[in-house]
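# Report on the structure
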Amino acid sequence: MRVIAGKAKGRNLTAPKGLRTRPVPAMIKEALYNIWQSRIDGARFLDLFAGSGSMGIEALSRGAEHVVFVDRDRNAIQAIRSNLALCRFTEGWEVFQDDVFRRITRLKEQGQQFDIIYADPPFTVEKIFLPLIEALSDAYLLAEDGQLVIRTKKEMRMPDVLQRLEQSRMKTYGISNVYFYSRSE
């Protein structure tokens, strides 16, 4: 697992100890950043279920203005902090060891908005996907032209429209589906 491009290009990242997280395959990471290449410079990026932090760190490396990492697992938080130090990122980020749903509520209360929200919940907890998209469906955290991306296992289907979110595309990569949502008015 390494940083693909930008300031920290080529740096190898460490994964959290244990089997609770599954790193984003390089093929998916590269495909998403190819899609986001015109959006990422100066962006505000929210990395939910951040694991090693590789998605948010890639965003920082490519010029994101600010990245918020959220994971409740202590080992994941340690890996994120270690990877940020390894890449020499000293500013432009926040790391929260917190329940994702509680942090979503707090970010909304603070009036924060993000250009890109990336969510990669554990595939083994299928019941979490619909509540997650429902928690984000009011689009309060999503900037006007922002994009929410959620990775699921291939067999899972996500709704086309939910409150103020509308699915704009879906891509399949190996055993994963990646759903893209934008604000619907």
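The paragraphs below set out a description of the structure included in this document.

Rules behind the numbers
Every chain is numbered independently, its residues counted from 1 as its sequence is written. The model is predicted, so local features are restricted to residues of pLDDT at least 70 and side-chain atom pairs to those at 80 or more, both for listing and for counting; the totals for chains, interfaces and linings are taken over all residues. The basis for the side-chain values is all heavy atoms of the structure; hydrogens and waters are excluded. Think of it in three bands: residues with accessible area under 20% of the maximum for their type are buried, residues over 50% are exposed, and the middle band is partly exposed, with areas taken using a 1.4 Å probe on protein chains only. Runs of H or I in DSSP of at least four residues are treated as helices and runs of E of at least two as strands, each being numbered from the N terminus. Working rule for contacts: check all heavy atoms of both residues, and any pair within 4.5 Å makes them a contact. Aromatic pairing here means that ring centres of Phe, Tyr or Trp (its six-membered ring) are within 6.5 Å. Orientation follows from the plane angle: under 30 degrees is stacked, over 60 is edge-to-face, and everything else is tilted. A positively charged side chain is recorded as over a ring if its NZ (Lys) or CZ (Arg) lies within 6 Å of the ring centre. The angle to the ring normal must also be within 35 degrees.

For the rest of this paragraph, the subject is helix α2 (residues 54-61). The buried fraction of α2 is high, at eight of eight residues. Taken together, the buried positions of α2 are Ser-54, Met-55, Gly-56, Ile-57, Glu-58, Ala-59, Leu-60 and Ser-61. In the core, the buried residues of α2 are packed alongside α1 (26-36), β1 (44-48), β2 (66-71), α3 (74-86), β3 (93-97) and β4 (114-119). One or two steps after α2, the chain reaches Gly-63, where phi turns positive at roughly 105°.

Within the span of α1, buried status applies to Ile-28, Lys-29, Ala-31, Leu-32, Tyr-33 and Trp-36. Lining the buried residues of α1 we find β1, α2, β4, β5 (142-153), β7 (165-173) and β8 (176-183).

As a further point, take unusual backbone geometry. Phi is positive for Arg-88, which is not a glycine, with a value near 65°. With a relative accessible area of 62%, Arg-88 lands in the exposed category. The backbone of Ala-139 shows a phi angle near 65°, a positive value even though the residue is not glycine.

A few words on the packing of aromatic side chains. The description of an aromatic ring pair rests on the distance of the ring centres and on the angle between the ring planes. Scanning the model with the defined rule gives three aromatic pairs in all. For the pair Tyr-33 and Trp-36, a centre-to-centre distance of 5.0 Å together with 85° between the ring planes defines the contact as edge-to-face. With Tyr-33 and Trp-36 both in helix α1 and three residues apart, this pair spans about one turn of that helix. Judged by relative accessible area, which is 0%, Tyr-33 ranks as buried. Plain terms: the ring middles of Trp-36 and Tyr-118 are 6.4 Å apart, the flat faces sit at 80° to each other, and that makes the pair edge-to-face. With Trp-36 in helix α1 and Tyr-118 in strand β4, this residue pair connects regions lying 82 residues apart in the sequence. Across the pair, Tyr-118 and Trp-36 agree in class, each one buried. The aromatic ring of Phe-96 is capped on one face by Arg-103, whose charged end is 3.8 Å from the ring centroid. Geometry around Phe-180 places Arg-169 over its ring, the cationic atom sitting 5.1 Å from the centre.

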